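Chain by chain, the residues run as shown.
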Amino acid sequence: MKANRNQKINRICRKLYSKYRKNVISLVTAVVLLVTSMPLADISGFVSKMVSTVTNAITAMAADTYTDITNDIKSGVFTIQNADDFKKLLNADPAVYQNITVLFSNNQSQFKASDFTGIEKGLGNEEYPFMGTVKANEGSAINLPINFALFEYLSDSANLDTIIFARPEERIQLCLLRMLYTVMWLQLISGK
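On a predicted model such as this, the values are computed, not experimentally measured, just so you know.

1. Side note on the pattern of salt bridges
- Enumeration according to the criterion identifies 2 salt bridges in this entry.
- Lys 88 is paired through a salt bridge with Asp 72; the nearest N and O atoms lie 3.1 Å apart. Of this pair, Lys 88 sits in helix H3 (residues 83–90) while Asp 72 sits in the loop between helix H2 (40–62) and strand E1 (77–80), and the two are 16 residues apart along the sequence.
- For Asp 84, the salt bridge identified is with Lys 87, shortest N-O distance 4.0 Å.

So this is what it looks like as structure tokens:
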């Protein structure tokens, strides 16, 4: 069985060799002529230009690109009314929002975890930690269904004027379901 398979492989290789032999010989000849006709310095210069172009392209892709929020900051306050505003803040340059007040409006309930897919970093960075204030309208708590830390780097001078719940959406629903079951169980036990 094994010998039969080897014979088939040899037959296929012979057919390919006989069919493409002239093409392979032509390709090798063309490469040899190209390399021998060009001085070695030209080849190395050409290769170094290609490498530097690729390196520059990779560096440009890896560079941080920030969203401009300077026009959205009014009197030192950035107001978050929807998920797009929050994503804009998270994608902004930390140097711009380092000392501002972030004000959440009352409608954080419209945030969904799917609104924040692709975002993995919170506010601040090592060079510009968040030093501003985070508030909610009317002193209410802030509920954020996020799967990442709200602050990457937080300064001691930051002022968090409200309670912030940053939990994935699934866990919030699970927590509420557990609370409901607990209340129902307590009512059942107490006989009410």
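2. Some details on the nonpolar core
- Residues Phe 86, Leu 89 and Phe 104 are the most contacted members of the largest nonpolar core, which totals 27 residues.
- Mapped onto this core, the elements with two or more residues apiece are E1, H3, strand E2 (101–104), strand E3 (133–136) and strand E4 (142–144).
- Among the elements that take part in this core, H3 stands out by supplying 4 residues, more than any other.
- Not counting chain neighbours up to four residues away, the residues in contact with Leu 89 comprise Ile 69, Phe 78, Ile 80, Tyr 97, Ile 100, Val 102 and Leu 123.

3. Things to note about unusual backbone geometry
- Although it is not a glycine, Ser 75 adopts a positive phi angle of roughly 55°.
- When you line up the elements, Ser 75 lands in the loop between H2 and E1.

4. Here we look at the confidence of the model for the chain
- Residues at a pLDDT of 70 or more form 64% of the chain, whose mean pLDDT is 75.
- Averaged pLDDT values over the elements of the chain bottom out at 61 in H2 and peak at 90 in E1.

Parameters and conventions
- Residues numbered from 1 in each chain as written.
- Predicted model: local features only at pLDDT ≥ 70, side-chain atom pairs only at ≥ 80, totals over all residues.
- Heavy atoms only, no water.
- Salt bridge = Lys/Arg side-chain N within 4 Å of Asp/Glu carboxyl O.
- Helix = DSSP H or I, 4+ residues; strand = E, 2+ residues; numbered from the N terminus.
- Core = buried A, V, L, I, M, F, W, Y, C linked by side-chain atoms within 4.5 Å.
- Buried < 20%, exposed > 50% of the residue type's maximum accessible area, 1.4 Å probe, protein only.
- Contact = heavy atoms within 4.5 Å.
- pLDDT = per-residue confidence, 0-100.

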